[in-house]
Amino acid sequence: MADETMVIRRASEHTASPMAFDPSPSASPLERGDSRHVSTVAPLRSKFVGMDLGGPVGNQDCTPETPETADTEISQDSSIATGLLLTNPPAGIVPIRKSAYALPAASLTFKDLSFSLPATKCASCKAPSGGGEAGRQLILEPCSGHFEPGQLVAIMGPSGCGKSTLLDMLAMKKTSQYSGEVLVNGHARDPVLFRRIAAYVGQEDHMPAHWKVREALGFNATLKRQHNATGSSQKNVGDFIDNLLEAFGLSSVADTYIGGAQVRGISGGQRRRVTLARGVAAQASILFCDEPTSGLSATDAELCVKALRVIAKRLNVLVLVVIHQPRKEVAKLFDTLVLLTSNPGRMAYCGPMTQASSYMAACGYPIPVQANPTDLYLDLLTPGAESDASDALVAAFATRQKPQLDQVVEHSCAVSGLTAKEMLMAAWELKGPAGKGARLGSYAVPFYVQLRTLLLRKLRITLRNPAAMSMQIFMPTIMGVVLGTIFQGIGKTEFGIPQVSFIFILLTMLSLQSLPLMPALIEERAFMKHETSERLYKESAHILTTMFVTVPLSLIGAAIQTLIIYAFSGLPYEFLPTILGWTLLLFFMFDALFQCVAAVAPDGEQAMTMATPWLVVFMLFNGVVVTKATAPVFLRWVFVISPTSYALQGIVLRMTEDSGGVNNFYVKSMGYQSGEDMQGIAIIIGMTIVLRLLQVLALKFLNNIQK
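Below or above, wherever it landed, is the structure these notes cover. (Residues numbered from 1 in each chain as written. Predicted model: local features only at pLDDT ≥ 70, side-chain atom pairs only at ≥ 80, totals over all residues. Heavy atoms only, no water.)

## A few points about helix α17 (residues 518–533)
Put simply, the rule is: The helix and strand labels rest on DSSP assignments: H or I over at least four residues marks a helix, E over at least two residues marks a strand, and numbering proceeds from the N terminus. Here the expected span of a helix is defined as 1.5 Å times the quantity of residues minus one. Relative accessibility decides the category of a residue: with a 1.4 Å probe and only protein chains considered, values under 20% of the type maximum give buried, values over 50% give exposed, and everything between is partly exposed.
Compared with an ideal rise of 1.5 Å per residue, which puts 16 residues at 22 Å, α17 spans 22 Å between its outermost C-alpha atoms and is within 8% of the ideal. Within α17, the full set of buried residues consists of Met518, Leu521, Ile522, Glu524, Arg525, Phe527, Met528, Lys529, Glu531, Thr532 and Ser533.

Next up, the structure:
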């Protein structure tokens, strides 16, 4: 399709939202309609090739798009593609038509959602109005509502009103117990498949510092997107990512590091936009955003909300946004407004954004002409404020809106649409027979794709991080030179205590090789927890990635350190296989120990505290510091499981044999016995396997995100 001028046609009268409300007290809130007439011409040039979702912009009276009338836009140039709308978003009054390649529709209905916490002072507790437990502090009173596909919903209210709580319950992110039910297309949320059709953007930004912006968006698009939205080719995915970068004002920093406390990168506002764009890149049928504009300038906030509006309308995505007091131009972009008040959280309005001001006026609180309506809404709904009218507005909601809203909710609960499974199958329609090849499990892509994507990210950020390379390769090399210099030529002297001390120091240094990596592992665990909560990949893929990248690098460092020290020592090379074999066995065991501790510990400081006792015990019970003869009887069993004891015993006995029995008395005093090498190897390998299994369980079940 050639480049052309886009004409946005005059919109005919729109059908009213099922939750439209008449501002007059006499009319039913469900009887009002809303009409708009917009006529404008926007000269826009097409520059997007291979975009997924083409079709004209206009009202719903236009000829519907079909794959035939869209000129097979998955592979051809479209002057009015979704990418063009993303990068040139229209004004809020301009209607945007749904694309023929939109995602499967998902409506969201919630009924009597309520949340409370154990109260610290029972005298101040308030039980839920619908009947609840005494002795609990009510955070959000039972509330109900219904949202249709393609809506951009704003959830607003003062601090402590339960905005994020409501969003988390709707998004199935709330880990604490709550009451009420949530339905998608009239069906209860599928605990396995719901996260496949929904995406969540939290308040915090959790991304590796050495990740690039473009890579972050591509990561989510690769692991979660529903394939009918952009086609299957990498070029189409890249085009969509390019459009998102431009839509969220990130094109200029697309190849810049995310950055962090120790790494220079993009600004905090840009980082917030990257997090939001990652949620959009997943292309889910429902998108939950918890304060995505916090920390952004008014201009950037408007840019982001405009992009969300295009996504909602073109892709038929239901977008719910918790937002804090947006300016007038941003508020007009939303279709639906939910207002909550606090102490406890209660619903005060639920209906079209365009009718909120009229509703407030009908309740006796007119909005001044030049004022920002959202500012006044929060003033009216903040308990204790000078213009506090929260109780009056809650009472008005109960009489004016709630009865009709409850009817809408009951009707929506009775009408069933596509299930989550059917939605996933519908997303594959364009790839062949219905449902053919559709993945109906918890994850959108096979395990090998998860592992490949994680490996690519891990390799990139590791190679870009000088600290990681220096800690795992260069520092062991330097320590090898230092220790080698200290023990230079020790192998040329008569076998005795100095050689045993040398082996003890060598094994000790190798055991500590992975200890400094625990803080970095805990940081990576935080990224993993947020990403696996979105069902991007399995925990096992994360563990294998660490084993394929971090462990080999540490192993290389350990081997280099051992070889350098050995070369300086002057020991005969016939001892090298024995010493290298035991040191590497010890390395694998202690690496598994430290990674297991890093999976269990809440933070780096506690990880060090938890790892120290094990390290100290194994370093003491080895026959050099504490022998079997000098150890207390009730602690001698520690030698049976002490990996350093077996390693020292195997190496020292081998050197004793070569020395012809020199200082054999000293060796016997250490309590070493021949013939235990295979037992030691089996125990060390067994401990390594057990620790790895415990690591997997800890990563899966411990330190989960609590909401």
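Moving on from the coordinates now.
## As for the side chain of Glu534
Assignment of secondary structure puts Glu534 in the loop between α17 and α18 (539–569). Looking at Glu534, the relative accessible area reads 11%, which means it is buried.

## With respect to the pairing of strand β8 (residues 198–201)
Looking down a regular strand, the side chains alternate between one sheet face and the other. Under the convention used in this document: DSSP calls a pair of strands paired once it identifies at least 2 bridges connecting them.
The side-chain alternation of β8 yields two buried faces, one formed by Ala198 and Tyr200 and the other by Ala199 and Val201. The pairing of β8 with strand β9 (residues 286–290) spans four bridges and is classified as parallel. Across the sheet, the residue bridging to Ala199 is Leu287, located in β9.

## Here's the deal with the pattern of salt bridges
Side-chain pairing between opposite charges can occur once the charged atoms of the two side chains come close. The test is simple: Put simply, a salt bridge is a Lys or Arg side-chain nitrogen that is within 4 Å of an Asp or Glu carboxyl oxygen.
One pass over the structure, following the stated rule, counts 20 salt bridges. Note that Asp255 is salt-bridged to Arg214, the shortest N-O span being 3.6 Å. Taken together, the residues span a long stretch of sequence, with Asp255 in the loop between α5 (234–247) and α6 (268–281) and Arg214 in helix α4 (residues 213–224) at a distance of 41 residues. The class of Asp255 is exposed, set by a relative accessible area of 52%.

## Section: the sheet that holds strand β12 (residues 346–352)
As a reminder of what qualifies: In this analysis, axes come from line fits to C-alpha atoms, helices being fitted only over the stretch in contact, and the angle between any two N-to-C directions falls in the range 0 to 180 degrees. By definition in these notes, contact holds between two residues if any of their heavy atoms fall within 4.5 Å.
The six strands lie next to each other as β8-β9-β10-β5-β11-β12, forming an open sheet whose pairing is mixed. The sheet terminates laterally at β8 and β12, the two strands that pair on one side only. Neighbour-to-neighbour, the strand axes of the sheet open up by a mean angle of 15°, direction not taken into account. Strand direction decides the pairing type here: strand β5 (residues 152–156) and strand β11 (residues 336–341), joined by four bridges, are parallel. If you follow Met156 over to β11, its bridge partner there is Leu339. Those strands touched by α6 are β8 and β9, and its axis lies near 175° from that of β8.

## With respect to the sheet that holds strand β3 (residues 108–118)
Across the sheet, which stays open at both edges, the four strands sit in the order β4-β3-β6-β7 with antiparallel pairing between neighbours. Of all the strands in the sheet, just β4 (136–147) and β7 (187–188) have a single pairing partner and so form its edges. Strand direction decides the pairing type here: β3 and β4, joined by eight bridges, are antiparallel. Within β4, the position partnered with Pro118 by the bridge is Arg136. Its contacts with the sheet put helix α2 (residues 163–170) on β3, β4 and β6 (179–184), and the angle it makes with β3 is roughly 120°.

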